[in-house]
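The residues making up each chain are set out below.
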Amino acid sequence: MPRMAFLAIDIGNTRLKWSLFDAARPGAQLLAHGAEFLDHIERLADGPWAELPAPSSMLGCVVAGDAVRRRAEEQVTERFDCSPRWVVSSAAEAGIVNGYDHPTRLGADRWVAMIGARHRMLSQGPARPMVVVMIGTAVTVEAVDVHGRFLGGLILPGHGIMLRALESGTAGLHVPTGEVREFPTNTSDALTSGGTYAIAGAIERMVQHVRAHEGAEPACYMTGGAAWKMAPSMNGNFELVDGLIMDGLLVIAQERLLAS
Ligand SMILES: Nc1ncnc2c1ncn2[C@@H]1O[C@H](COP(=O)(O)OP(=O)(O)O)[C@@H](O)[C@H]1O
Ligand SMILES: CC(C)(COP(=O)(O)O)[C@@H](O)C(=O)NCCC(=O)O
Ligand SMILES: [K+]
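Owing to the predicted nature of the structure, the values given are computational and were not obtained by experimental measurement. (Residues numbered from 1 in each chain as written. Chains lettered and ligands numbered in written order. Predicted model: local features only at pLDDT ≥ 70, side-chain atom pairs only at ≥ 80, totals over all residues. Heavy atoms only, no water.)

## Observations regarding the packing of helix H2 (residues 108–124) against helix H6 (residues 244–259)
Axis separation between H2 and H6 bottoms out at 7 Å; the angle between their running directions is 80°. Overall, the two elements H2 and H6 adopt an arrangement that is roughly perpendicular. The residues of H6 that touch H2, namely those facing Asp 109, Val 112, Ala 113, Ile 115, Gly 116, Ala 117, His 119 and Arg 120, are Leu 244, Ile 245, Asp 247, Gly 248, Leu 249, Val 251 and Ile 252. (Axes fitted to C-alpha atoms, helices over the stretch in contact; angles between N-to-C directions. Helix = DSSP H or I, 4+ residues; strand = E, 2+ residues; numbered from the N terminus. Parallel < 35°, antiparallel > 145°, perpendicular 65-115°, else oblique. Contact = heavy atoms within 4.5 Å.)

## Considering the site of ligand 1
Contacts to ligand 1 come from Gly 12, Asn 13, Thr 14, Arg 15, Lys 17, Phe 37, Gly 136, Thr 137, Gly 224, Gly 225, Ala 226 and Lys 229. Between ligand 1 and Thr 14, the relevant distance is 2.9 Å, taken from an oxygen atom to a main-chain nitrogen or oxygen of the residue. Thr 137 places a side-chain nitrogen or oxygen 2.5 Å from an oxygen atom of ligand 1. Protein chains bury 71% of the 570 Å² of accessible surface belonging to ligand 1 in isolation. Class assignment of the residues belonging to the shell around ligand 1 gives a composition of two nonpolar, seven polar and three charged. (Near = heavy atom within 4 Å. Polar contact = N/O pair within 3.5 Å; in protein donor to acceptor, adjacent residues only side chain to side chain. Areas by Shrake-Rupley, 256 points an atom, 1.4 Å probe, with all protein chains shown as cover. Nonpolar A, V, L, I, M, F, W, Y, C, P; charged D, E, K, R; others polar.)

## Topic: the sheet that holds strand S6 (residues 96–98)
The seven strands are arranged S5-S6-S9-S8-S7-S10-S11 in an open sheet whose pairing can be described as mixed. Strand pairing shows two members of the sheet lacking a second neighbour, strand S5 (92–93) and strand S11 (238–240), which therefore form its edges. Across two bridges, S5 lies against S6 in antiparallel orientation. Opposite Glu 93, over in S6, you have Ile 96 as the bridge partner. Here helix H4 (residues 187–214) sits on the sheet in contact with strand S7 (130–135), strand S8 (138–144), strand S9 (149–157), strand S10 (219–223) and S11, set at roughly 165° to S9. (Pairing = 2+ DSSP bridges.)

## Topic: unusual backbone geometry
Unlike most non-glycine residues, Ala 94 shows phi in positive territory, near 50°. As for its placement among the helices and strands, Ala 94 is situated in the loop between S5 and S6.

## Details of the UniProt feature "binding site: ATP" (unreviewed entry) in the chain
The UniProt record annotates "binding site: ATP" (unreviewed entry) at Asp 10, Ile 11, Gly 12, Asn 13, Thr 14, Arg 15, Leu 16, Lys 17 and Thr 137. The named residues occupy 128 residues along the chain; their greatest pairwise C-alpha distance, 13.3 Å, places them in one compact cluster. Inspection of the secondary structure puts Ile 11 in strand S1 (residues 6–11). Beyond its immediate sequence surroundings of up to four residues, Ile 11 is in contact with Leu 16, Leu 38, Cys 61, Val 62, Val 63, Ala 64, Val 68, Ala 72 and Trp 86. (UniProt positions renumbered as here; feature names shortened; annotations may be inferred.)

Below is the structure:
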């Protein structure tokens, strides 16, 4: 049984994702992982976590509000002997400098994903600017310069929110999910393609902005629960990374261990 196991938790507006690693460092071995819709958080301690080896520390990021965070903390402390710790976006951490007007108002998931992406990019070769995309409940598209400065980012509605907004704002749009088509010829395909290309178009614009600003081709990473749906419709070299947030949490946890 690993003695320094580490629990990473990412709570978005749709699901809580968790991963248990054998240590709090990048490259640690993944021992177990899972995801629960926010309504099912109360199942964790007696369900998926019941048989897990106990982590000696935990670090998470949460953008779903204080009430959800407290419900998750109850599960952690009920089941494990470690105190819940959550990342708050700051002016600088783990190689990323925060260009937001109010650094602490940046979503912690966005901050952690950029840290994970920067670490990944540097492990692949020389420093490059980056575009970091997360396709979750919402879509975020971050620009990071070659030195690790977060220049700014976009927030868009995700697929689900776009479709619900169209359904509730019109009389004639109540249709099942369709296919992504270049020239959609029915309402379902028109809606699905419209949402997909709205997101793809915004991402392409950000890639252009970063390319022009930096005079270099950015490294492009895409993550999030719905990233696999976007991947076939993307131009360019987007690397689909399952656990960018988990990677970022490992990087931050190790830095904090080394600093303590
Ligand atoms: N098994 C699944 N069940 C429901 N939604 C899913 C599933 N897999 C992917 N998705 C899509 O992923 C989105 C949620 O992704 P996720 O990364 O969990 O979001 P968040 O971080 O905002 O909670 C949903 O909006 C949905 O479109
Ligand atoms: C943009 C987000 C809603 C994304 O949430 P998600 O899709 O991961 O559930 C979240 O990062 C957030 O609430 N951010 C705070 C505002 C900001 O980043 O400017
Ligand atoms: K997220």
